[in-house]
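Single-letter residue listing:
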Amino acid sequence: MNSAPAAVIERAGVPNLDCDPFSDKFLENPYPYHDQIREAGPLVWLSRYGIWATARHDEASEVLKDYKRFCSSAGVGIANFKTEKPFRPPSLLIEADPPEHTRARNVMGHALSQKNISALQEKFEADAVAIIDAALEKGDIDGMDDIAIAYPIKVFPDVVGLGSEGRENLLIYGNQIFNIFGPPNRLFKGALEKIPNASAWVTEHCKRDVLAQGSIGQIIYEGAEAGDVSPDEAGLLVRSLLSAGVDTTVSGIGNMLNLFAQNPDQWALLRSDPSLINFAFEEAIRVEGPVQTFFRTSAMATELSGIPVGDNEKLVLFLGGANRDPRRWDDPDRFDIARKPSGHLAWGNGVHRCVGMRITQMEAEAILKAMLARIELIEPTGPAKIRLNNTLRVLDSLPLRLTGV
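Here the structure is a predicted model, which is why all the values come from computation and not from measurement.

A. Spotlight on the overall build of the protein chain. Counting secondary structure elements, the protein chain contains 16 helices and 13 strands. Its C-alpha atoms give the protein chain a radius of gyration of 21 Å, within 12% of the compact-globule value 22 Å for 405 residues. Along the longest, intermediate and shortest principal axes, the C-alpha atoms of the protein chain span 60 × 50 × 35 Å. Within the protein chain, the fraction of its 405 residues that count as buried is 59%. Within the protein chain, counting contacts between residues at least 6 apart in sequence, those at least 24 apart form 72% of the total. Put simply, the protein chain has 42 plus and 54 minus side-chain charges, and the middle of one group is 2 Å from the middle of the other.

Shown next, in the form of structure tokens:
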């Protein structure tokens, strides 16, 4: 891991900051630090780790879109796969660049086609109704356990083709994968200790003969039959879907529930104008994005906003900061569902833009639709608790009271 101390590595002519974006204090409340980084310059040097950083929207968007200058194949965490051995086989989607990425993306794009996804809507809505009815019957709930976790852990593994047993391993696996994108701090070390059993379970359940017939997982394996990917690569694509498709959705739905609980005027606005459903979730993940940081690596000597960047240097993109950049949005810290948040980076950008985006959107829309028909008030009954993660912005608990219509 690249973790040289500040006294050793500095960059002349650019702001040198000594903040630690993976400290507990930063992870608990990153936004004041994002402001500091963003206002220090378009690109700053984090001397603690010897990496570049940006929290500005335009610079982060440029890096995400230009895979030729800023590659993903060297890893989307702080580790550099050009100089360090990956802890697991790299993802064919997020840790690869064209043309390898294009092959995998085409197979995944076929599996997640509009036709295949649209066929899931009725199921998504029925499952959402069942989850919300159960939560409303309880009244006082943990919004994470009872909605934000209960719903994705039901519908998404069903879509991929998993059986009902052992799904808790998906939460363990996803949480630890995102921790391992960070430096070797206590969260990273805890992830390495906990991940082997969950990883073995996920690997076993990515095999073709385990997946349900007609499932998205089986359709991915059909790509292997067509010769687009190998059978082993098909298994890795199913793994990528499982590792990225649960925790991020849990985070997004949980953060959205918390934002509505903290902003009752916005829930009242949505109830008065349900046509804002699509904007509501997009605004929620702009304000409190599930993936707060992603890395890229310079594939050549280049520049960003006039600042020279050497070959094979790591850049951390503070997506959570970029999505609150006042250069892009007015009053960016405010949760406003009437805002049109197009251009936010919670889904990424460019060729690596989230391939499962539409599934997550459909899940969130189904939950909101079920809630609007049944719930008048969403009230906090205690403080939300953050679950610290090197990459994700996710709640550990969310005490809420739901009042029916």
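B. Just the side chain of His101, in detail. Along the polypeptide, His101 turns up in helix α4 (residues 100-111). When its relative accessible area of 2% is taken as the criterion, His101 is described as buried. Apart from the residues within four sequence positions on either side, His101 is in contact with Leu92, Leu93, Ala96, Val351 and His352.

C. Region of the structure containing the sheet that holds strand β10 (residues 375-380). Ordered in space as β5-β13-β10, the three strands form an open sheet in which the pairing is antiparallel. Each edge of the open sheet is held by one strand with a lone partner, namely β5 (140-142) and β10. Between one strand axis and the next, the sheet turns by 30 degrees as a mean value, whatever way the strands run. In this structure, β5 lies alongside strand β13 (residues 399-404), joined through three bridges in antiparallel fashion. If you follow Asp142 over to β13, its bridge partner there is Pro399. The strands touched by helix α6 (residues 121-138) are β5, β10 and β13; relative to β13, the strand with the most contacts, the crossing angle is about 100 degrees.

D. Region of interest: the nonpolar core. Ranked by internal contacts, the top residues of the largest apolar core, which has 109 residues, are Ile147, Ile220, Phe260 and Leu270. Sequence-distant contacts of Phe260, that is, excluding residues within four places in its chain, are made with Gln266, Trp267, Leu270, Ala280, Phe335, Ile337, Leu368 and Ile378. Ranked by size, the runner-up nonpolar core spans 16 residues in total, among them Leu17, Tyr33, Tyr49 and Val316.

E. Structural detail: unusual backbone geometry. Between Pro98 and Pro99 the backbone carries a cis peptide bond, its omega angle lying at 10 degrees. Along the polypeptide, Pro99 turns up in the loop between β4 (70-71) and α4. Phi angles above zero are rare outside glycine, and Asp331 is one such case at about 45 degrees. Summarising the element assignment, Asp331 is placed in the loop between α15 (319-322) and α16 (357-374). With relative accessibility at 44%, the residue Asp331 sits in the partly exposed group.

F. Main features of the sheet that holds strand β2 (residues 44-46). Read from one edge to the other, the open sheet built from six strands follows the order β1-β2-β3-β9-β6-β4, with strand pairing classed as mixed. The sheet is open, and its two edges are formed by β1 (16-17) and β4, each paired on a single side. Two elements, β4 and strand β6 (residues 293-298), share two bridges in a ladder whose sense is antiparallel. Bridge pairing in β6 links Phe70 to Ser298. Of the strands in this sheet, β3 (51-54), β4, β6 and β9 (314-318) touch helix α3 (residues 57-65), which is tilted by about 125 degrees from β9.

G. View of the side chain of Glu313. Along the chain, Glu313 falls in the loop between β8 (307-309) and β9. On the basis of relative accessible area, Glu313 is assigned to the buried category, the value being 15%. Excluding its chain neighbours within four sequence positions, the residues that come into contact with Glu313 are Arg11, Trp52, Arg296, Thr297 and Ser298.

H. Summary view of the pattern of salt bridges. Per the stated rule, a full pass over the model turns up 31 salt bridges. With its nearest N and O atoms 3.6 Å apart, the salt bridge here joins Asp127 to Lys154. Highlighted residues: Asp127 in helix α6 and Lys154 in helix α7 (residues 143-160), separated in sequence by 27 residues. Since its relative accessible area comes to 15%, Asp127 is described here as buried. Note that Lys154 is salt-bridged to Asp158, the shortest N-O span being 2.6 Å. Of this pair, Lys154 and Asp158 both sit in helix α7, four residues apart, which is roughly one turn of that helix. The structure contains a network of salt bridges with shared partners spanning Asp35, Arg38, Glu39, Asp325 and Arg327.

Quick notes on the rules
Each chain has its residues counted from 1, running along the sequence as written. Two thresholds apply to this predicted model, a pLDDT of at least 70 for residue-level local features and 80 or more for giving and counting side-chain atom pairs, whereas whole-chain, interface and lining totals are computed over all residues. Derived side-chain values reflect all non-hydrogen atoms in the structure, with water molecules and hydrogen atoms excluded from consideration. Only DSSP runs of H or I reaching four residues or more are called helices, and only runs of E reaching two or more are called strands; each is numbered from the N terminus. With the radius of gyration taken over C-alpha atoms, the globule rule is written as 2.2 Å times the number of residues to the power 0.38. Relative accessibility decides the category of a residue: with a 1.4 Å probe and only protein chains considered, values under 20% of the type maximum give buried, values over 50% give exposed, and everything between is partly exposed. It only takes one pair of heavy atoms within 4.5 Å for two residues to be counted as in contact. Within this scheme the basic residues Lys and Arg register as positive and the acidic residues Asp and Glu register as negative, but His and the chain ends are omitted. Note on charges: their place is set at NZ of Lys, CZ of Arg, CG of Asp or CD of Glu. Here the rule is simple: two strands pair whenever DSSP picks up at least two bridges between them. Between N-to-C directions, angles cover 0 to 180 degrees, with each direction set by a line fitted to C-alpha atoms, over the stretch in contact for helices. Nonpolar cores are built from buried Ala, Val, Leu, Ile, Met, Phe, Trp, Tyr and Cys residues. Side-chain atoms within 4.5 Å join them into one set. What counts as a salt bridge is simple: a side-chain nitrogen of Lys or Arg found within 4 Å of a carboxyl oxygen of Asp or Glu.

Just geometry here; none of it tells us what the structure is for.
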